[in-house]
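Secondary and tertiary structure notes
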Amino acid sequence: MRGLKARTGLLAGSLLAASIAFSPVQAAELHVLISGGFSAAYEKLGKQFEAQTGNTLVTEHGPSMGKTPEAIPNRLARHEPADVVIMVGYALDDLIKKGQVDPGSRVELADSAIGMVVRQGQPKPDISTEAALKKTLLDAKSVAYSDSASGVYIERELFKKLGIEAQLKPKAVKVPKVPVASQVASGKYEIGFQQVAELLPVPGVTFVGRIPDSVQSITRFAGGVPVSASHPKEAAELLKFLSSPQAQPVVRETGLESVAKK
């Protein structure tokens, strides 16, 4: 009888261990802070990640830099929950230097070029060469650009390279928080510049094209895991998925370029 009880107890213990081993792991709720450039790809890929893992993504959008409350560094400074940040690579590096993001978690995601839009129905101006782009900018009544990486380059470098900084100063406007293309679509500005991936999803505009390679600025987008993340393991899995070969067709179809693997 004693042996039977021992065997029964052993069997019960084994069944309990098996039930624990095979019970589904509780899904994580990941808080993601993301800037505009990678957003279109993320929206599609995020749904795939949720379906494959059972985890859910809670997403807040904001620029990679700047003074607006929505900017990712400002959100982190307010201690908003964040398991993943996806943003301009050099802005992410600043957060790593400040000790806010785990340096070992950094994952390069995509490259993004600058493009231009006009309001839907308007003629597409020529921007195929430096000379053509310069003429288009000088002829435009108003020019809009973003308050993030592409806009910083346009304001500080592009106008100077083209030798038209003084002529553009009265009519070029930095647009905070909202997509530049939405302001062009409303008729507020005649032409608008931003990352191609941020221009393409916006209705009411016509995509003119990328600015010429000779004056182009490519922005690298990257992701990382904040040191305060509640779910660092799952966060790393999300970044691994977003940078995987499986994700690259979506990355490219949303106007981004795959990062060359060394």
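For clarity, every value in this text was computed on a predicted model and none was experimentally measured.

Calculation notes
Residues numbered from 1 in each chain as written. Predicted model: local features only at pLDDT ≥ 70, side-chain atom pairs only at ≥ 80, totals over all residues. Heavy atoms only, no water. 1 Å grid on protein atoms, 1.4 Å probe; cavity = no way out; pocket = protein on both sides within 12 Å on 5 of 7 lines; lining within 4 Å. Points joined across faces, edges and corners; volume = space filled by probe spheres on them. Helix = DSSP H or I, 4+ residues; strand = E, 2+ residues; numbered from the N terminus. Nonpolar A, V, L, I, M, F, W, Y, C, P; charged D, E, K, R; others polar. Axes fitted to C-alpha atoms, helices over the stretch in contact; angles between N-to-C directions. Parallel < 35°, antiparallel > 145°, perpendicular 65-115°, else oblique. Left-handed = near helix turned anticlockwise from the far one by under 90°. Contact = heavy atoms within 4.5 Å. Pairing = 2+ DSSP bridges. Right-handed = clockwise from strand over helix to strand, strands pointing away. Buried < 20%, exposed > 50% of the residue type's maximum accessible area, 1.4 Å probe, protein only. Arc of directions from axis to C-beta.

For the largest pocket, the calculated volume is near 400 Å³. Together, 27 residues line the largest pocket, and Gly36, Lys177, Pro179, Gln194 and Glu198 are the ones closest to its centre. Going through the elements one at a time, α2 (39–53), β8 (191–195) and α9 (196–199) are the ones with two or more residues in the lining of the largest pocket. The residue makeup of the lining of the largest pocket, split by class, is twelve nonpolar, eleven polar and four charged.

Let's shift gears to the packing of α2 against helix α10 (residues 232–242). Two elements in contact, α2 and α10, have axes separated by 10 Å at closest approach and are oriented at 125 degrees. It follows from the interaxial angle that α2 and α10 lie oblique. The crossing of α2 and α10 is right-handed. Of the residues in α10, those in contact with Tyr42, Leu45, Gln48, Phe49 and Gln52 of α2 are Glu234, Glu237, Leu238, Phe241 and Leu242. Of the residues that constitute the contact of α2 with α10, the class distribution is six nonpolar, two polar and two charged.

A word on the pairing of strand β2 (residues 56–61). A regular strand carries its side chains on alternate faces of the sheet. Relative to β2, strand β1 (residues 29–34) runs parallel, the two being bridged by six bridges. Pairing of Leu33 across the sheet is with Glu60, part of β2. As a crossover connection, the stretch from β1 through α2 into β2 is right-handed.

Time to look at helix α4 (residues 89–97). Buried residues of α4: Gly89, Ala91, Leu92, Leu95 and Ile96, and no others. Angularly, the buried residues of α4 cover 160 degrees about the axis, an arc narrow enough to put them on a single face. Buried residues along α4 sit in contact with α3 (72–77), β3 (84–88) and β10 (219–224). Taken from the residues just after α4, Gly99 is the one with a positive phi, measuring 80 degrees.

Keep in mind these values describe shape, not function.
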